[in-house]
Amino acid sequence: MKDEKPRLPPGQILTEKFPVLHYGEVPEFDSTNWDFRIFGLVEQEVALDFDEFSQLPSQRIEADFHCVTTWSRYDNLWEGVLARTLAALARPLPGARHVLIHCEQGYTTNLSLEDFLRDNVLFALKWGGKKLTPEHGYPLRLVVPHLYAWKSAKWARGVEFMEDNRRGFWESRGYHNNGDPWREERFSSQEQD
Ligand SMILES: Nc1nc2c(c(=O)[nH]1)N[C@H]1C(S)=C(S)[C@@H](COP(=O)(O)O)O[C@H]1N2
Ligand SMILES: [Mo]
């Protein structure tokens, strides 16, 4: 018997809209006051201003998006810089096992290094061929298609490589540390199973 993943994860409902969901206010972008930092357990810490970030090699991915509140949206075209490309700039040390994504206003989310380095994980500057809109994360957001969308952190400002798995914003407020939609890893209360 084949055990193929269905396209729509269990418990999800398809929408054609693109809902906006986040905690707090939409931050203002000021390019003179923006940097992207790669730090922690790396050989070379890196800080890029917005021009430098925008000049990194760019890739496109098409991906479905699954929010833990049960909406899913298919076929999003994202364009930006692969997480792998950023990791290669800083060269994580052998002890690095996890990352924490840092965003405006203190939002964070954690990923295993393995999840972060998947080939379709990308820091998006564009959606549907256009710059991100402010409410969808302008100027830069992470996109992690294989995990619930709270891991797709908007208004990203940096990535920290770590030895331990430090929980991010929602992961410290009742959501699952891992967040695989096909395993319905929604809540931290499920973590012992
Ligand atoms: N900085 C930040 N990023 C965030 C969030 C947030 O609260 N703050 N919410 C997450 C959640 S729960 C979801 S479902 C997606 C929604 O992305 P969208 O508003 O572009 O649809 O953003 C994620 N990224
Ligand atoms: Mo979400």
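Further up the page is the structure itself.
All figures in this text were calculated on a predicted structure; none of them were measured in a lab. (Residues numbered from 1 in each chain as written. Chains lettered and ligands numbered in written order. Predicted model: local features only at pLDDT ≥ 70, side-chain atom pairs only at ≥ 80, totals over all residues. Heavy atoms only, no water.)

**Here we look at the side chain of Glu79**
Phase 1: Tracing the sequence through the fold places Glu79 in strand β5 (residues 71–82).
Phase 2: Setting aside residues no more than four positions away along its own chain, Glu79 makes contact with Ser58, Gln59, Arg60, Leu122, Phe123, Ala124, Leu125 and Lys126. (Helix = DSSP H or I, 4+ residues; strand = E, 2+ residues; numbered from the N terminus. Contact = heavy atoms within 4.5 Å.)

**Comments concerning the site of ligand 1**
Phase 1: Taken together, 19 residues lie around ligand 1, and Pro19, Tyr23, His136, Arg141 and Lys154 are the ones closest in.
Phase 2: The backbone of Ser152 places a nitrogen or oxygen atom 3.1 Å from a nitrogen atom of ligand 1.
Phase 3: Relative to its unbound accessible area of 530 Å², ligand 1 is 98% covered by the protein chains.
Phase 4: Partitioned by chemical class, the residues of the shell around ligand 1 number 14 nonpolar, three polar and two charged. (Near = heavy atom within 4 Å. Polar contact = N/O pair within 3.5 Å; in protein donor to acceptor, adjacent residues only side chain to side chain. Areas by Shrake-Rupley, 256 points an atom, 1.4 Å probe, with all protein chains shown as cover. Nonpolar A, V, L, I, M, F, W, Y, C, P; charged D, E, K, R; others polar.)

**What about the sheet that holds strand β11 (residues 156–162)?**
Phase 1: One open sheet holds the five strands; their spatial order is β3-β2-β11-β6-β7, and the pairing between them is mixed. On the outer flanks of this sheet lie β3 (46–48) and β7 (108–112), each paired with one strand and no other. Neighbour-to-neighbour, the strand axes of the sheet open up by a mean angle of 15°, direction not taken into account.
Phase 2: Of the strand pairs in this sheet, strand β6 (residues 98–103) and β11 are connected by six bridges, and their pairing is antiparallel. Paired with Leu100 across the bridge in β11 is Glu160.
Phase 3: Each of β2 (36–40), β3 and β11 touches helix α2 (residues 83–90); the most contacted strand, β3, lies at about 125° to it. (Pairing = 2+ DSSP bridges. Axes fitted to C-alpha atoms, helices over the stretch in contact; angles between N-to-C directions.)

**Topic: the packing of aromatic side chains**
Phase 1: For the structure shown, the criterion picks out 23 aromatic pairs.
Phase 2: Considering the side-chain rings of Phe18 and Phe65, the 6.1 Å spacing of their centres and the 85° angle between planes classify their relative orientation as edge-to-face. A residue pair is termed long-range when its members are at least 10 positions apart, and Phe18 in the loop between β1 (13–14) and β2 and Phe65 in strand β4 (residues 59–66) qualify at 47 residues.
Phase 3: You can call Phe65 buried: its relative accessible area is 6%.
Phase 4: Ring geometry for Trp34 against Phe50: centres 5.2 Å apart, planes inclined by 85°, an arrangement best described as edge-to-face. (Phe/Tyr/Trp six-rings, centres within 6.5 Å; stacked < 30°, edge-to-face > 60°. Buried < 20%, exposed > 50% of the residue type's maximum accessible area, 1.4 Å probe, protein only.)

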